[in-house]
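Remarks on the overall topology
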Amino acid sequence: MTIATRSLVGAMVLLASTSAFGQDMAAQPGAADVGLDAPRQILFVGNSYFYYNDSLHNHTNRMVGEGEGIDDLAYRSITISGGSLDMHPFAHYLTPDAVGYEEPFDAVILQGHSAAANSESRSARFRDAVVAADALIDESGAQTVLYMSHAYGEGHNSHDPEMTANLAALYTEVGAEVDALVIPVGLAFAKAYEERPDLELHMEFDHSHPNLAGSYLAAATTYATLYDASPVGLEYDYFGRLDGETAAFLQQVAADTVAEFQGK
């Protein structure tokens, strides 16, 4: 990421906090507002952005177990490589015992294709898939949660300095339509790059998938959003694979991003 691109990302984050769009984001609900109360059974549905680096659900599980003292978490992750949400058979996933759980999920987290906001047709496809999935999720008794994915890094052939803002707008709008909690991971990536230009959050070979630091930041943002709790101070560092200074920085970014997004 060049200095120019970092400046653009920083400007977008600043714009989001002061513009009409930022005011819309500030109205985003917290976990309590959508009826989530320390969810124990969660289904993560997405693609390779979830399963890289030992999987988002595993990192989130460990953070929640430490931070909330919950030892009976039941998280399930179902992913399709390169997949979009409309490829997933939600009716099957939500059928009791179909994926190993007899009781309904407390929450279902939806992550769309990374390019979901790159065109009107992709955005419409994402919106339609979320609306259809939400109807089934609601019928099952679970709460829909949207995982706002991060933008491509510089070096990706579809890199666009406006991608963070486009994804944020899409997920915020669709989240409001279906009354879903939104996890602002894309905004957390932008904030981290603004504050630490030296820190890389993308895999260096494709500038798309998260590296370990990126997955850690995503998990911390997910934890902060779902449990209305700060990840700051957690000891979890993926068993020593992430240095303490970086882990502490990413925890703070996650906490700050969620608080700003929810207008706290």
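Only a predicted model underlies this, so the values are computations on that prediction, with no experimental measurement involved.

Observations regarding the sheet that holds strand β5 (residues 181-183)
Judged by pairing direction, the sheet is parallel, and its 5 strands sit side by side in the order β2-β1-β3-β4-β5 without closing on themselves. The outermost strands of the open sheet, each flanked by one partner alone, are β2 (74-79) and β5. Sheet twist, expressed as the mean angle between neighbouring strand axes with direction ignored, is 20°. By the bridge criterion, 4 bridges tie strand β3 (residues 107-110) to strand β4 (residues 143-147) in an arrangement that is parallel. The residue of β4 that forms the bridge with A107 is Q143.

A closer look at the packing of aromatic side chains
Applying the stated criterion to the full structure yields 11 aromatic pairs. Here the aromatic residues F44, F50, Y75 and Y147 are joined through ring pairs into a cluster of three or more. The lysine or arginine in question, R196, covers the ring of F249, its NZ or CZ lying 5.1 Å from the ring centre. Its guanidinium or amino end placed over the ring of Y238, R241 lies 4.9 Å from that ring's centre, counting from NZ or CZ.

Observations regarding the pairing of strand β1 (residues 41-46)
Most of β1 sits out of view: 6 of its 6 residues are buried. Taking every second residue as pointing to the same face, both faces of β1 are buried, with Q41, L43 and V45 on one and I42, F44 and G46 on the other. Bridge analysis of β1 against β3 gives 4 bridges, and the strand direction is parallel. Paired with F44 across the strands is I109, a residue of β3.

A short note on the nonpolar core
Nonpolar side chains tend toward joint burial in soluble globular proteins. With 45 residues, the main nonpolar core has I109, L201, L217, Y227 and L250 as its most contacted residues. Secondary-structure elements contributing two or more residues to this core are β1, α4 (56-68), β3, β4, β5, α8 (185-195), α9 (212-227) and α10 (244-261). In terms of residue count, the dominant contributor to this core is α9 (10 residues). With residues up to four places along the chain from it excluded, the contact list for L250 reads L199, L201, A213, Y216, L217 and L242.

Focus: the environment of G112
Along the polypeptide, G112 turns up in the loop between β3 and α6 (120-140). Residue classification places G112 among the buried residues on the basis of a relative accessible area of 0%. For G112 and S123, which are 11 residues apart along the polypeptide, the C-alpha to C-alpha distance reads 9.7 Å.

Focus on the confidence of the model for the protein
Averaged over all residues, the pLDDT of the protein equals 91, while 90% of them reach at least 70. Low pLDDT, under 50, characterises residues 1-26; the stretch is placed with 37 contacts to residues that sit more than four places away or in other chains.

Remarks on α4
With 13 residues, α4 ought to run about 18 Å at 1.5 Å a step, and its terminal C-alpha atoms sit 17 Å apart, in line with that. Of all the positions in α4, only L56, H57, H59, T60, M63 and V64 are classed as buried. Taken down its axis, α4 places every buried residue within 160° of arc, on the same side. Of the residues flanking the end of α4, it is G69, one or two places downstream, whose phi is positive at about 65°.

With respect to the environment of H150
Mapped onto the fold, H150 is located in the loop between β4 and α7 (163-178). A relative accessible area of 1% means that H150 is categorised as buried. A sequence separation of 35 residues divides H150 from V185, and the C-alpha atoms of the two residues are 6.1 Å apart. Excluding residues within four positions of it along the chain, H150 makes contact with Y49, L167, G186, F189, H202, S208, H209 and P210. A polar atom in the side chain of H150 sits 2.7 Å from the backbone oxygen of S208.

Here's the deal with the packing of α8 against α10
Taken N-terminus to C-terminus, the directions of α8 and α10 make an angle of 125°; their axes are 9 Å apart at the nearest point. One element, α8, and the other, α10, form an angle in the oblique class. Considering how the two elements wind past one another, α8 and α10 form a crossing that is right-handed. Residues L187, A188, K191, A192 and E195 of α8 pack against F249, V253, D256, T257, E260 and F261 of α10. A per-class count over the contact of α8 with α10 returns 6 nonpolar, 1 polar and 4 charged.

About the cut-offs
- All residue numbers refer to positions counted from 1 along the written sequence of the respective chain.
- For this predicted model, a pLDDT threshold of at least 70 governs which residues receive local features, and a threshold of 80 or more governs which side-chain atom pairs are given and counted, while totals over whole chains, interfaces and linings are taken from all residues.
- Processing note: side-chain calculations cover all non-hydrogen atoms of the structure and skip hydrogens and water entirely.
- For two strands to be treated as a pair, DSSP must find no fewer than two bridges joining them.
- Numbering of helices and strands runs from the N terminus, with a helix taken as a DSSP run of H or I at least four residues long and a strand as a DSSP run of E at least two residues long.
- Axis definition: a line fitted to C-alpha atoms, limited for helices to the stretch in contact. Angles are taken between N-to-C directions and run from 0 to 180 degrees.
- Note on ring pairs: Phe, Tyr and Trp rings are taken, using the six-membered ring of Trp, and paired if centres are within 6.5 Å. Classes follow the plane angle, with under 30 degrees stacked, over 60 edge-to-face and the rest tilted.
- Throughout this description, the term charge over a ring refers to an Arg CZ or Lys NZ atom that lies within 6 Å of the ring centre and within 35 degrees of the ring normal.
- Exposure categories follow from relative accessible area, calculated using a 1.4 Å probe and restricted to protein chains: below 20% of the type maximum is buried, above 50% is exposed, and the middle band is partly exposed.
- By convention a nonpolar core is built from buried Ala, Val, Leu, Ile, Met, Phe, Trp, Tyr and Cys residues, the set being connected through side-chain atoms within 4.5 Å.
- The criterion used for residue contact is that any of the two residues' heavy atoms lie within 4.5 Å.
- Per-residue confidence from the predictor is reported as pLDDT, which spans 0 to 100.
- Multiplying 1.5 Å by the helix residue count minus one yields the expected span of that helix.
- Relevant arc is that of directions from the helix axis to the C-beta atoms, nothing else.
- A 3.5 Å cut-off defines polar contacts: any pair of N or O atoms within that distance qualifies, except that in protein one atom must be a possible hydrogen donor and the other a possible acceptor, and neighbouring residues in sequence count only when both atoms are side-chain atoms.
- Note that the term roughly parallel is reserved for angles under 35 degrees, roughly antiparallel for angles over 145, roughly perpendicular for angles of 65 to 115, and oblique for everything else.
- Two helices cross in a left-handed way if the nearer one is turned anticlockwise from the farther one by less than a right angle. They cross in a right-handed way if the turn is clockwise.
- Three categories are distinguished: nonpolar for Ala, Val, Leu, Ile, Met, Phe, Trp, Tyr, Cys and Pro, charged for Asp, Glu, Lys and Arg, and polar for the others, with Gly belonging to the last.

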